[in-house]
Amino acid sequence: MTIETPQVRIVEVGPRDGLQNIRAKVPTSTKLDLIHRLRDTGLRTIELTSVVSPRAIPQLADCREILGHASVKSLLQNNQAGLRFPVLVPNVKGLDIAVQHRVKEVAVFISATEGFSKANINCSVEQGIARATGVAGLATKAGVTVRGYVSCIFADPYDGPTPKAAVLHCVKSLLDAGCYEISLGDTLGVGSPSDVSALLKYLASHGIPFTKLAGHFHDTYGQAVANVWEAYTCGLRVFDSSVGGLGGCPFAPGAKGNVATEDLVYMFHSAGINTDVDLAKLVETGEWISQQLSLSNSSRAGKALSIKTRPQISAPKPSVSDPEQTTPLTWTLVSSPEGLLIHRNGPTLKITLNRPKNGNALTSPMLSTLTSTIQSANTDLHTTRIIITAVGRFFCTGMDLGRGSSSVAQGTSASDAQFARLTALYEALDTSPKVTIAALNGPAFGGGVGLAFACDIRLCVSGPACTLSEVKLGLAAATISRYVVREWGVPFAREAMLTARSVSAEELLARGLISGVAGTAAELEGQLDALLVKLKLCSPGGSRMSKELIRLAWVHGGKEDQAKGIKEVFDEMMRADGEGAVGLREFQMKRKMDWDKFVVESKPKL
């Protein structure tokens with residue numbers, strides 16, 4: 001029987017790329033079930049796993065068990081034309097293990113950029129190419145087919161935009177090494193259709209045939225499906241995707257997963273383009289794995305079709321709330337300086353902006369008091385969390401621009417003084433060793449947006465949330481730009497700053513920039529209380545060290561300072577007199593640790 005070659009070939013990467021960044025251990029049985037459910041949908045290329053060090057990717061520590069399972073052996077021994085079951089291998093040791101398990105196809109990967117290469121695989125681009133070339137050569141000699149991945153084709157979280165010449169160099173190197181196909185990865189999900197078109201035209205003009213290329217797009221900025229279609233119209237016919245949109249990049253702020261397989265199949269089928277995939281079975285599989293992982297299904301088409309055609313498939317049930325969360329927390333008023341209210345609940349300090357008639361705009365005295373309050377809390381051993389919230393209709397409308405109170409156009413000395421005040425405030429929040437939380441009871445504008453995004457965690461009331469309106473006044477988001485751009489990412493921040501449009505809480509949530517949306521200010525208080533109850537289980541020292549690791553990755557990613565800093569954090573957390581010793585003891589005694597009580601009743605070394 002002749003098997004029809006599909007017009008588009010989907011490479012399903014869910015079992016590997018989709019699962020590898022999930023923290024909670026996924027049972028091996030679930031992974032095996034996922035692989036076979038995917039095969040039953042008609043998918044002909046499924047990436048099974050990665051033979052990688054369990055220290056590097058704990059989720060894939062069972063790679064040998066996966067490859068050695070009888071059901072997977074049966075797939076690997078299947079000689080049906082067109083079926084492919086690649087396995088990602090980072091080095092020669094991984095290849096040897098794959099060969100021992102009779103894997104017929106492996107994948108090697110490199111980054112087009114130095115920063116990501118050093119952070120991801122701890123080597124330069126050229127070293128990565130040499131490593132991949134060596135693996136590909138040995139694989140070819142062993143009769144194993146080799147596919148290649150090139151990551152960060154549009155941008156690097158450390159180096160910025162990726163030169164097209166760098167992508168071309170990597171593609172040529174992998175083709176020369178013997179890879180039959182190169183998957184171009186928009187790892188951060190920042191690309192747009194115009195970027196896709198420009199890169200593909202550039203590669204074609206330098207002799208790279210589209211028959212040797214595949215597209216691998218992430219959906220961080222909601223452009224993945226559009227990028228796939230643009231690549232298709234340019235001539236690509238192979239695309240990587242993940243069922244349910246599983247996956248993501250740990251180096252991309254707010255990163256979403258791979259483009260969802262269901263969304264691609266729906267799009268292509270609607271356009272009369274064959275994929276050989278049973279969409280109904282695929283939708284069912286996406287809903288099933290989302291339930292197994294207790295995750296929301298990230299496939300738009302998958303969710304819509306499951307409701308329309310398979311109502312018996314229910315969404316994951318929310319976990320039962322902790323009974324403590326139903327009891328509102330009690331706050332004690334500590335002080336009420338001009339424009340502010342300062343409350344405390346145990347080790348949590350809550351600062352409330354209290355100028356509702358003026359939109360909680362920040363005056364010079366408020367800036368100074370806010371800064372000094374945060375700085376004092378930063379060094380207070382009995383404070384572990386700082387909350388910024390407000391009363392009234394607005395969270396914060398930014399700097400006070402009223403007559404006689406604004407420093408705009410008032411001369412160099414007034415400008416310098418205001419710059420110093422603003423810089424000190426945002427730095428006090430950004431560098432705080434405490435967990436900082438912004439609870440946006442209403443819209444934020446300008447400097448109010450900066451106040452929110454200099455914090456670690458954000459909750460918002462539904463509706464308009466953030467507006468960077470400076471350009472309408474002939475101004476710019478100067479002092480807050482470092483925090484907004486860092487958290488929002490360059491493309492989104494650029495668009496928001498230049499258009500001065502209002503960004504809703506729902507959009508911020510969809511982009512992964514806030515942790516929750518409440519219907520009303522009262523519900524926001526409930527969400528905040530629930531969050532604080534959860535944070536009682538988190539060590540203040542552990543939180544501080546985690547914040548330092550994130551800072552090191554952002555500022556020194558892939559550099560010697562990051563490695564040095566990680567070692568210092570590791571040494572600190574392993575101290576015999578540290579909080580780790582306390583937490584471990586309670587864990588071994590099977591007791592739940594209340595770190596708030598620990599802080600209030602003792603004087604830990606923070």
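Owing to the predicted nature of the structure, the values given are computational and were not obtained by experimental measurement.

**Points about the side chain of Lys31**
Locating Lys31 in the fold gives a position in helix α2 (residues 28-40). Here Lys31 falls in the buried class, since its relative accessible area comes to 4%. Engagement of the side chain of Lys31 in a polar contact is seen with the backbone oxygen of Gln59, the distance being 2.4 Å. With sequence-adjacent residues up to four places away left out, Lys31 is seen in contact with Leu19, Val26, Gln59, Leu60, Asp62 and Ile66.

**Structural notes on the nonpolar core**
One finds Ile388, Trp488 and Leu508 to be the most contacted residues of the largest nonpolar core, which totals 135 residues. By residue number, the principal contributor to this core is helix α7 (residues 125-141), which donates six residues. When residues are assigned to domains, this core turns out to be shared by domain 1 (15-24 + 52-187) and domain 2 (332-402 + 413-536), each giving three or more. When sequence neighbours within four positions are dropped, the list of residues in contact with Leu508 reads Phe453, Ala465, Cys466, Trp488, Phe492, Val503, Leu513 and Ile514. Counting residues in hydrophobic clusters, the runner-up holds 14 residues, among them Leu459, Ala518, Leu524 and Leu528.

**Points about empty space enclosed by the protein**
In this structure the tally under the stated criterion is six cavities of 30 Å³ or more. Empty space within the largest cavity amounts to approximately 70 Å³. Lining the largest cavity are Val89, Pro90, Asn91, Val108, Phe109, Ile110, Ile121, Cys123, Gly128, Arg131, Ala132 and Val135. Elements with a minimum of two residues in the lining of the largest cavity: β4 (105-111) and α7. When residues of the lining of the largest cavity are assigned to their parent elements, the largest contribution, four residues, is made by α7.

**As for the packing of aromatic side chains**
Scanning all chains against the criterion turns up nine aromatic pairs. Arranged with centres 5.4 Å apart and planes meeting at 25 degrees, the rings of Trp229 and Tyr232 form a pair that is stacked. Residue Trp229 and its partner Tyr232 are located together in helix α10 (residues 224-234), separated by three residues, close to a single helical turn. What links up through ring pairs into an aromatic cluster is the set Trp229, Tyr232, Phe239 and Phe268. We note Arg147 situated over the ring of Tyr149; from NZ or CZ to the ring centre the distance is 5.5 Å. Here the basic side chain of Arg237 rests over the ring of Tyr232, its NZ or CZ set 3.8 Å away from the ring centre.

**Quick look at the side chain of Lys350**
On the secondary structure map, Lys350 appears in strand β13 (residues 348-353). Under the relative-accessibility criterion, Lys350 is labelled buried at 7%. Those residues within four positions of Lys350 in sequence are excluded, and the remaining contacts are Trp331, Leu341, Ile342, His343, Ile387, Thr389 and Glu525.

**Observations regarding the domain arrangement of the protein chain**
Domain annotation for the protein chain reports domain 1 (15-24 + 52-187), domain 2 (332-402 + 413-536) and domain 3 (540-602). Computed from C-alpha coordinates alone, the two centres of domain 1 and domain 3 are separated by 33 Å. The partner domain 3 presents four residues to the four residues of domain 1 that form the contact. Regarding the contact of domain 1 and domain 3, the summed buried area is about 290 Å², with carbon and sulfur atoms giving 60% of it. Taken as a group, Lys118, Pro157 and Tyr158 account for 85% of the area that domain 1 buries against domain 3, more than any other trio of residues on that side. Here domain 1 is connected to domain 3 by zero salt bridges. Linking domain 1 with domain 3 are zero residue pairs in polar contact (both at pLDDT 80 or more). Per-class residue counts for the side of domain 1 that touches domain 3 are three nonpolar, no polar and one charged.

Parameters and conventions
Think of each chain on its own: its residues are numbered from 1, step by step along the sequence as written. A pLDDT threshold of at least 70 governs which residues receive local features in this predicted model, and a stricter bar of 80 or more applies before side-chain atom pairs are shown or counted, although totals over entire chains, interfaces and linings include all residues. With hydrogens and water set aside, each side-chain value is computed from the structure's full complement of heavy atoms. Each helix is a run of H or I in the DSSP string that is no shorter than four residues. Each strand is a run of E no shorter than two, and both are numbered from the N terminus. Accessibility here uses a 1.4 Å probe with only protein chains present; expressed as a share of the type maximum, an area under 20% marks a residue as buried, one over 50% as exposed, and anything in between as partly exposed. In protein, a polar contact requires one atom able to donate a hydrogen and another able to accept it; more generally it is a pair of N or O atoms within 3.5 Å, and residues adjacent in sequence count only if both atoms are side-chain atoms. It only takes one pair of heavy atoms within 4.5 Å for two residues to be counted as in contact. The definition of a nonpolar core used throughout is a set of buried Ala, Val, Leu, Ile, Met, Phe, Trp, Tyr and Cys residues joined through side-chain atoms within 4.5 Å. Each domain span listed reflects an automatic or database assignment of domains. Buriedness of a pocket was judged along seven lines, with at least five required to meet protein on both sides within 12 Å; pockets are open sets of points on a 1 Å grid over the protein atoms alone, cavities are sets where a 1.4 Å probe fits but cannot get out, and lining residues have an atom within 4 Å of a point. Grid points are joined across faces, edges and corners, and a volume is the space filled by probe spheres set on the points. Aromatic rings from Phe, Tyr and Trp, with only the six-membered ring used for Trp, were paired whenever their centres fell within 6.5 Å, and each pair was classed as stacked if the ring planes differed by under 30 degrees, edge-to-face if by over 60, and tilted otherwise. Only when the NZ of Lys or the CZ of Arg is both within 6 Å of the ring centre and within 35 degrees of the ring normal is a charge said to sit over the ring. Once two parts are put together, the accessible area they lose, assessed with a 1.4 Å probe and summed over both, is termed the buried area. One side-chain nitrogen of Lys or Arg within 4 Å of one carboxyl oxygen of Asp or Glu is enough to make a salt bridge. Gly falls in the polar group here, along with every residue not listed as nonpolar (Ala, Val, Leu, Ile, Met, Phe, Trp, Tyr, Cys, Pro) or charged (Asp, Glu, Lys, Arg).

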